[in-house]
2 protein chains.
Amino acid sequence: MTLPIFPCSPADRSHIYDVLMRSGVFGKSDADTVDEMFMQAMAQPGPDAYHFIGCWHDNDMLGFACYGREAMTKHTWDLFWVCVSPEARGKGVGGALLQFAVAQARANDGRLMVIYTSSTDAYAPARKLYQSQGFTPVARVADYYDTQDDLLIYTLRLVSGT
Amino acid sequence: MTLPIFPCSPADRSHIYDVLMRSGVFGKSDADTVDEMFMQAMAQPGPDAYHFIGCWHDNDMLGFACYGREAMTKHTWDLFWVCVSPEARGKGVGGALLQFAVAQARANDGRLMVIYTSSTDAYAPARKLYQSQGFTPVARVADYYDTQDDLLIYTLRLVSGT
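Residues numbered from 1 in each chain as written. Chains lettered and ligands numbered in written order. Predicted model: local features only at pLDDT ≥ 70, side-chain atom pairs only at ≥ 80, totals over all residues. Heavy atoms only, no water.

(A) Region of interest: unusual backbone geometry. All names here are of chain A. Unlike most non-glycine residues, His-75 shows phi in positive territory, near 65 degrees. Positionally, His-75 belongs in the loop between β3 (60-69) and β4 (76-84). For His-75, a relative accessible area of 42% corresponds to the partly exposed category. (Helix = DSSP H or I, 4+ residues; strand = E, 2+ residues; numbered from the N terminus. Buried < 20%, exposed > 50% of the residue type's maximum accessible area, 1.4 Å probe, protein only.)

Rendered as structure tokens:
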């Protein structure tokens, strides 16, 4: 299966919401947060905006990712969201999305890419995905999201020798 | 010297900007970021908004802090900014602002308070202040802000036994 990745257009809004709601990992408040970020990105596109990308098979969105520059840093990028539709898992969709995001960050003077994620079991596949793409867990904040739900921070250096 | 702390009103906008610009630590882009957060807080006040507080002596703002709920967490609060006017340093202004913010977070179901800061020398007084108020450095992300400018994360548990 080829995994074509495209930057999102305004028409992708409902597809993204749908992928999140069917994920089994994210809930309505997450979907609403992403929706707000999406509307902001569509209203004011530009280098500092959130970048949304989708992975497609025919007319189905298999997954999406959202990344962008990290505020108040020099050339640090943040992978804010990555989510793959349940039917499309195990086919390399997440990896393809991450590779696209990393390549774009690198092509735009990115120096470091950061991912914030949860330590809970539900996020184990996500953590495995990040590590498979070369991201390293570098920090943990105990009980950050909730009691016994730690924040884990992964980073990937985008420039060799830095 | 008494150190009265008040929640900010719209009239405090220029005072906050002035304190930041004269700080010797923060620059114009920081001041603009805070200004945007301030305008947002004034336009849409409420429990989920940024909370700005000021420390005053007569008609002079000696310093301010900005704190609020951390998005996507359960009862975690974030101390976003604290800044003391150069003339007012060493008088306990920063400590008074932090104590007020911590007390407010605690009174509003806060479980954990988080501070993100830089590892550079310019932030050494800030780090000392955080530790003096019971915050503990729990995580470091190397080169996060810039090459050789790490992110340090401090936390304070607001509820005993959690």
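The rest of the description comes next.
(B) Here's a closer look at the relation of the copies chain B and chain A. Structural alignment of chain B on chain A gives an RMSD of 0.0 Å, achieved by rotating through 180 degrees and translating 0.0 Å along the axis. Interpreted geometrically, this transformation is the action of a two-fold axis. Measuring from the rotation axis to each C-alpha of chain B, the shortest distance belongs to Ala-139 of chain B, at 2.7 Å. Taken as a fraction of all interface residues of chain B, those also at the interface in chain A reach 100%, which identifies the copy contact as same-surface. (Least-squares fit on C-alpha atoms with pLDDT ≥ 70 in both. Contact = heavy atoms within 4.5 Å.)

(C) The pairing of strand β2 (residues 51-57) of chain B, seen in detail. Residue and element names in this part refer to chain B. Extensive coverage of β2 is indicated by the burial of five of its seven residues. One ladder, built from three bridges, connects strand β1 (residues 5-7) with β2; its direction is antiparallel. Among the inter-strand pairings, Ile-5 is bridged to a residue of β2, identified as Cys-55. Pairing analysis gives seven bridges linking β2 to strand β3 (residues 60-69), with the strands arranged antiparallel. (Pairing = 2+ DSSP bridges.)

(D) How the structure looks around the packing of aromatic side chains. Evaluated as defined, the whole model comprises 16 aromatic pairs over all chains. Feature note: the residues Phe-26, Trp-81 and Tyr-123 of chain A constitute an aromatic cluster, connected by ring pairs. (Phe/Tyr/Trp six-rings, centres within 6.5 Å; stacked < 30°, edge-to-face > 60°.)

(E) Region of interest: the side chain of Asp-143 of chain B. Residue and element names in this part refer to chain B. Mapped onto the secondary structure, Asp-143 falls in strand β6 (residues 136-146). Here Asp-143 falls in the buried class, since its relative accessible area comes to 11%. Within the structure, Asp-143 has its side chain in polar contact with the backbone nitrogen of Gln-148 (distance 2.7 Å). (Polar contact = N/O pair within 3.5 Å; in protein donor to acceptor, adjacent residues only side chain to side chain.)

(F) View of the interface of chain B and chain A. The interface of chain B with chain A comprises 25 residues on the first partner and 25 residues on the second. A combined buried area of about 2,000 Å² lies between chain B and chain A, and 56% of that area is made up of carbon and sulfur atoms. Our count for the chain B to chain A interface comes out at two salt bridges. Two residues, Arg-157 of chain B and Asp-143 of chain A, come together in a salt bridge whose shortest N-O distance is 2.7 Å. Where chain B packs against chain A, one counts 14 residue pairs in polar contact (both at pLDDT 80 or more). At the level of elements, α2 (28-43), β4 (76-84), β5 (112-118), β6 and β7 (149-157) of chain B are the ones that each hand at least two residues to the side of chain B that touches chain A. If one sorts the elements of the side of chain B that touches chain A by residue count, β6 of chain B sits on top with nine residues. (Buried area = accessible area lost by both parts, 1.4 Å probe. Salt bridge = Lys/Arg side-chain N within 4 Å of Asp/Glu carboxyl O.)

(G) Up close: empty space enclosed by the protein. All names here are of chain A. The full count for this structure, using the stated rule, is one cavity of 30 Å³ or more. Taken as a whole, the largest cavity holds about 30 Å³ of empty space. Along its surface, the largest cavity is lined by Arg-13, Ile-16, Tyr-17, Leu-20, Ala-31, Val-34, Asp-35 and Phe-38. Every element with two or more residues in the lining of the largest cavity is listed here: α1 (13-21) and α2 (28-43). Among the residues forming the lining of the largest cavity, the class breakdown is six nonpolar, no polar and two charged. (1 Å grid on protein atoms, 1.4 Å probe; cavity = no way out; pocket = protein on both sides within 12 Å on 5 of 7 lines; lining within 4 Å. Points joined across faces, edges and corners; volume = space filled by probe spheres on them. Nonpolar A, V, L, I, M, F, W, Y, C, P; charged D, E, K, R; others polar.)

(H) Main features of the layout of surface pockets. Residues and elements named next belong to chain A. Looking at the second largest pocket, its volume works out to about 250 Å³. Around the second largest pocket sit 18 residues that line it, and Pro-7, Gly-46, Tyr-50, His-51 and Phe-52 are the ones nearest its centre. In terms of residues, the lining of the second largest pocket owes the most to one element, strand β2 (residues 51-57), which gives three residues. Grouping the amino acids of the lining of the second largest pocket by side-chain chemistry returns 13 nonpolar, four polar and one charged.

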